[in-house]
Amino acid sequence: MTERTQVGIVGAGPAGLLLSHMLHLAGVESVVFERGNREHVGTRLRAGGLEHGAVALLERVGLGARMRKLALSVAATDFRFDGCGHRVDFRAITGHPFTIYPQYEIVSDLLEARAAAGGEVRFDTPVRRIDGLESARPVIHYEAGGSVRRLECDFIAGCDGYHGVCRQAIPASVQRVFEENYPFGWLGILAEVAPPSLEVAYACHERGFAMQSFRAPTISRMYLQCPPDDRADNWSDERIWSELALRLDVPDRPPVARGPIVQKSVTAMKSFVVEPLSYGTLFLAGDAAHIVPPTGAKGLNSAMADIALLAPAFAAFYRTGRREGLDGYSAACLRRTWQVQRFAAEMCTLLHRFPGASDYAWRLQREKLAYMTGTATGMRTYAESFVGLPFEP
Ligand SMILES: Cc1cc2nc3c(=O)[nH]c(=O)nc-3n(C[C@H](O)[C@H](O)[C@H](O)COP(=O)(O)OP(=O)(O)OC[C@H]3O[C@@H](n4cnc5c(N)ncnc54)[C@H](O)[C@@H]3O)c2cc1C
């Protein structure tokens, strides 16, 4: 017998789980397919910072309780270059803080809410392909119990990340891809040590970019620019700490705090957008549709902003039969997405040391930083983009 649901969702990352949760609140049925297991999905260490629009959305959909208890509020970014710290107080400029609440906590809250509501999230269930997108009965083909089975849907939401299968189901003739690969990566570490301050520091140093952040009052999250094909095991703990100190320490700020490193990995830097974000009865959201280099802390926020548009569009369709929200989803999302791309790419090029860049380019880069951190216009431009554009148009 063929199974059926209203919205079939591929991927139980923040985008897929948030969509399923919001559809449930609107009385719309969904099934989520996830190839990983629950433990893996609920503990993956990724993004850590929320824009005020993301915080407001989580509150609005009833997921604010743990966040209010555990989250930390950040008021300023400290940019370090040419041997000095330059603090931009984005909260004073915009009235909004940036909220540190790790992605794994959001995913845990969503998994708990889905379980409490009897929501269907099928772990260890990879989707092999989707088809029928031009019809009113698209089908998800998923693997379970050693065989491939079918789920018929009214719609499919492709929330399956950059390497997922959904985007590939859109014919190449109607898809346009925009992408940029950067000539560096990030070595990211998690360390059991209180950060020297509850503010985020970005260093633009001759030896490369470095970042000091945190996930909890006693857990630091730090990054170092490295070659894109570097391996985490090339970096001993001693090498990591001395490189972080070289790049981040400046005379008028507390020095990098050392502690046991409990996780390290290398991530490549990429910008990517596919247009359009919908095709027939398929709608893409989150990393399936767009990727940003993490310098602007936008990946998770963008995924949530997509769902802030997509969930009400589905809800309106089922409530009234009207398709305006669904038909306008791609264009509305792309308007915001490209502004996010602009900011993330600007921050990425402003803060990293580009291999082979001329002395002129390197000098100009720091002059741009001086303008951004030393003039009212520069600081406002940074602050508005960093705390985030509105989630709804
Ligand atoms: C290593 C890493 C570090 C990051 N660090 C930061 C950061 O510091 N700051 C920041 O803002 N952003 C960061 N990001 C980006 C941020 O985590 C993502 O933007 C965010 O996870 C996007 O959510 P999503 O739900 O769209 O996709 P994902 O979280 O990728 O979720 C997609 C889900 O789909 C599942 N899936 C894929 N294919 C299939 C299939 N065929 N069948 C079933 N399930 C499938 C995957 O297992 C996954 O669970 C990072 C990303 C990575 C990969």
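Residues numbered from 1 in each chain as written. Predicted model: local features only at pLDDT ≥ 70, side-chain atom pairs only at ≥ 80, totals over all residues.

### Points about the overall build of the protein chain
We apply this condition: Numbering of helices and strands runs from the N terminus; a helix is a DSSP stretch of H or I covering at least four residues, while a strand is a stretch of E covering at least two. Throughout, the radius of gyration refers to the C-alpha atoms, and the reference size of a globule is 2.2 Å times the residue count to the power 0.38. Think of it as a crowd count around each C-beta: if 20 or more other C-beta atoms lie within 10 Å the residue is buried, if 12 or fewer it is exposed, and in between it is partly exposed, with C-beta placed from the backbone throughout. Residues are defined as contacting one another if the C-beta atoms placed from their backbone atoms lie within 7 Å.
Of regular secondary structure, the protein chain possesses eleven helices and 21 strands. A globule of 393 residues ought to have a C-alpha radius of gyration of about 21 Å, and the protein chain, at 21 Å, matches this closely. With the C-alpha coordinates of the protein chain rotated into their principal frame, the extents come out at 70 × 40 × 40 Å. Looking at the protein chain residue by residue over its 393 residues, the buried ones come to 44%. The long-range fraction of contacts in the protein chain, counting pairs at least 24 apart against all pairs at least 6 apart in sequence, stands at 73%.

### Things to note about the pairing of strand 12 (residues 147–152)
Defined as follows: At least two DSSP bridges between two strands are needed for those strands to be called paired.
One ladder, built from two bridges, connects strand 1 (residues 3–4) with strand 12; its direction is parallel. Within strand 12, the residue paired with Glu-3 across the bridge is Leu-151. Direction of pairing for strand 11 (residues 139–144) relative to strand 12: antiparallel, over a ladder of six bridges. Counted as the bridge partner of His-141 is Arg-150 from strand 12. Counting the residues in the hairpin turn of strand 11 and strand 12 gives two residues, including Gly-145, whose phi is positive at 55°.

### Thoughts on the sheet that holds strand 4 (residues 49–50)
Strands sit in the order 4-8-5 across an open sheet of three strands; the sheet is antiparallel. Only two strands of the sheet have a single partner each, and these edge strands are strand 4 and strand 5 (72–74). As paired strands, strand 5 and strand 8 (residues 98–100) are joined by three bridges and run antiparallel to one another. Paired with Ser-73 across the bridge in strand 8 is Thr-99.

### With respect to the sheet that holds strand 3 (residues 30–33)
Strand order across the open sheet formed by six strands is 9-3-2-13-20-19, with mixed pairing between neighbours. Each edge of the open sheet is held by one strand with a lone partner, namely strand 9 (120–122) and strand 19 (278–279). In the sheet, strand 2 (residues 7–10) pairs with strand 13 (residues 155–158) via four bridges, with the strands oriented parallel. When the bridges of strand 13 are listed, Val-10 appears paired with Gly-158.

### Concerning the site of the ligand
Condition: Using a C-beta atom placed from the backbone, a residue is described as near a molecule or strand when that atom lies within 6 Å of it. Put simply, Ala, Val, Leu, Ile, Met, Phe, Trp, Tyr, Cys and Pro go in the nonpolar bin, Asp, Glu, Lys and Arg in the charged bin, and everything else, Gly too, in the polar bin.
The immediate surroundings of the ligand are formed by 32 residues, with Gly-11, Gly-13, Gly-161, Gly-286 and Gly-299 found nearest. For the shell around the ligand, the secondary-structure elements that each account for two or more residues are helix 1 (14–25) and helix 8 (299–320). Within the shell around the ligand, the residues separate by chemical class into 15 nonpolar, eleven polar and six charged.

### Notes on helix 9 (residues 324–351)
Along an α-helix, residues three or four apart share an orientation, since each turn contains 3.6 residues. Counted only if it meets this: For a helix, the expected span equals 1.5 Å multiplied by the number of residues minus one. Bend is the name given here to the angle between axes fitted to two runs of seven residues, the run ending at a residue and the run starting at it.
Compared with an ideal rise of 1.5 Å per residue, which puts 28 residues at 40 Å, helix 9 spans 41 Å between its outermost C-alpha atoms and is within 8% of the ideal. A bend of about 40° at Ser-330 is the largest found in helix 9. When we look at burial in helix 9, the residues that qualify are Tyr-329, Ser-330, Cys-333, Arg-336, Thr-337, Val-340, Gln-341, Phe-343, Ala-344, Met-347, Cys-348 and Leu-351.

### Here's the deal with the packing of helix 3 (residues 52–60) against helix 8
For the record, the criterion: Angles here are taken between N-to-C directions and fall from 0 to 180 degrees, while the axes themselves are lines fitted to C-alpha atoms, restricted in helices to the stretch in contact. Each angle receives one of four descriptions, namely roughly parallel if under 35 degrees, roughly antiparallel if over 145, roughly perpendicular if within 65 to 115, and oblique otherwise. If you view the pair so one helix is near and one far, a crossing is left-handed when the near helix is turned anticlockwise from the far one by less than a right angle, and right-handed when it is turned clockwise.
Where helix 3 meets helix 8, the axes come as close as 10 Å, and the angle between the chain directions of the two elements is 50°. In terms of axis orientation, helix 3 runs oblique to helix 8. Our pair here, helix 3 against helix 8, has a crossing hand that is left-handed. Of the residues in helix 8, those in contact with Gly-53, Ala-54 and Leu-57 of helix 3 are Asn-301, Met-304, Ala-305 and Ala-308. When its residues are assigned to classes, the contact of helix 3 with helix 8 shows five nonpolar, two polar and no charged.

### Thoughts on the domain arrangement of the protein chain
Rule in force here: Domain ranges listed in this record stem from an automatic or a database domain assignment.
Considered domain by domain, the protein chain is made up of domain 1 (3–75 + 98–179 + 270–348) and domain 2 (182–269 + 353–387). Relative to domain 2, the C-alpha centre of domain 1 lies at a distance of 29 Å. If you look at the interface, domain 1 gives 14 residues, while domain 2 gives 17 residues. At the level of secondary structure, the elements contributing two or more residues to the side of domain 1 that touches domain 2 comprise strand 5, strand 8 and helix 9. Of the residues belonging to the side of domain 1 that touches domain 2, the class tally is ten nonpolar, two polar and two charged.

### Some words on unusual backbone geometry
Between Glu-275 and Pro-276 the backbone carries a cis peptide bond, its omega angle lying at -10°. Inspection of the secondary structure puts Pro-276 in the loop between strand 18 (261–275) and strand 19.

### With respect to helix 10 (residues 359–374)
Compared with the 22 Å implied by 1.5 Å per residue over 16 residues, the 22 Å span of helix 10 between its first and last C-alpha is a close match. Residues of helix 10 that are buried sit in contact with strand 6 (77–81), strand 7 (84–88), strand 15 (200–205), helix 9 and helix 11 (376–387).

### Some points on the nonpolar core
As a reminder of what qualifies: Here a nonpolar core is just a set of buried residues of the types Ala, Val, Leu, Ile, Met, Phe, Trp, Tyr and Cys, joined wherever their C-beta atoms sit within 7 Å.
In terms of nonpolar packing, the biggest core is built from 106 residues, with Leu-19, Ala-157, Ala-285, Ile-307 and Leu-310 touching the most fellow members. By residue number, the principal contributor to this core is helix 8, which donates twelve residues. Inspection of this core shows a minimum of three residues originating in each of domain 1 (3–75 + 98–179 + 270–348) and domain 2 (182–269 + 353–387). In this structure Ala-285 touches Ala-15, Leu-19, Ala-157, Cys-159, Ala-303, Asp-306, Ile-307 and Leu-310, once residues within four positions along its chain are discounted.

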